[in-house]
Amino acid sequence: MPSNAPFFVKDYYDYYKTDRGYHKRSLNSNGGWNIIGCESFVNQPILKYSNEIRSAVLLVHGEKAHSCYFSKDAYADMIKDSKYTDNKELMIIPDAVHTDLYDGGDKDYIPFDKLENFFKENMK
């Protein structure tokens, strides 16, 4: 890992290349690559209509995750000019990075009680 690599690259490397997150079939652990991934669709115009979503939505992101802006932007778009805001929530986990929400990290960052309450309240 180059010493000048961005923090999030080092974070992913530390996660996937150690016992914490290593799995022999994980593309990130074994150096493989995915030719059929569809992550690019997430950024397609479909997000333009997110303020029409009637179902409950809970966006959870680590405060220090490099992609935190995405959840903040998606949430703002989701509630802007929407009639369906009562069951939408953005939860930013203080001090957490992206990989902390994979397994709880060293401080048990995953708010299981909050997740459980959200689903109990919104999935009646």
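Okay, so let's go over this structure. Keep in mind it's a predicted model, so treat the numbers as computed, not measured.

## A short note on the pairing of strand β2 (residues 88-93)
Working step 1: Pairing of strand β1 (residues 57-62) with β2, which is carried by six bridges, proceeds in the parallel orientation. Along β2, the bridge assignment pairs Gly 62 with Ile 93.

## With respect to the pattern of salt bridges
Working step 1: In this structure the tally under the stated criterion is five salt bridges.
Working step 2: Residue Arg 20 pairs with Asp 103 through a salt bridge whose shortest N-O separation is 2.8 Å. On the criterion of sequence distance, the pair formed by Arg 20 in the loop between α1 (7-16) and α2 (27-30) and Asp 103 in helix α4 (residues 100-103) is long-range, its members being 83 residues apart.
Working step 3: The partner of Glu 89 in a salt bridge is Lys 114, with the nearest N and O atoms 3.1 Å apart. One end of the pair, Glu 89, is in strand β2; the other, Lys 114, is in helix α5 (residues 112-122), and 25 residues separate them in sequence.

Calculation notes
- Residues numbered from 1 in each chain as written.
- Predicted model: local features only at pLDDT ≥ 70, side-chain atom pairs only at ≥ 80, totals over all residues.
- Heavy atoms only, no water.
- Pairing = 2+ DSSP bridges.
- Helix = DSSP H or I, 4+ residues; strand = E, 2+ residues; numbered from the N terminus.
- Salt bridge = Lys/Arg side-chain N within 4 Å of Asp/Glu carboxyl O.

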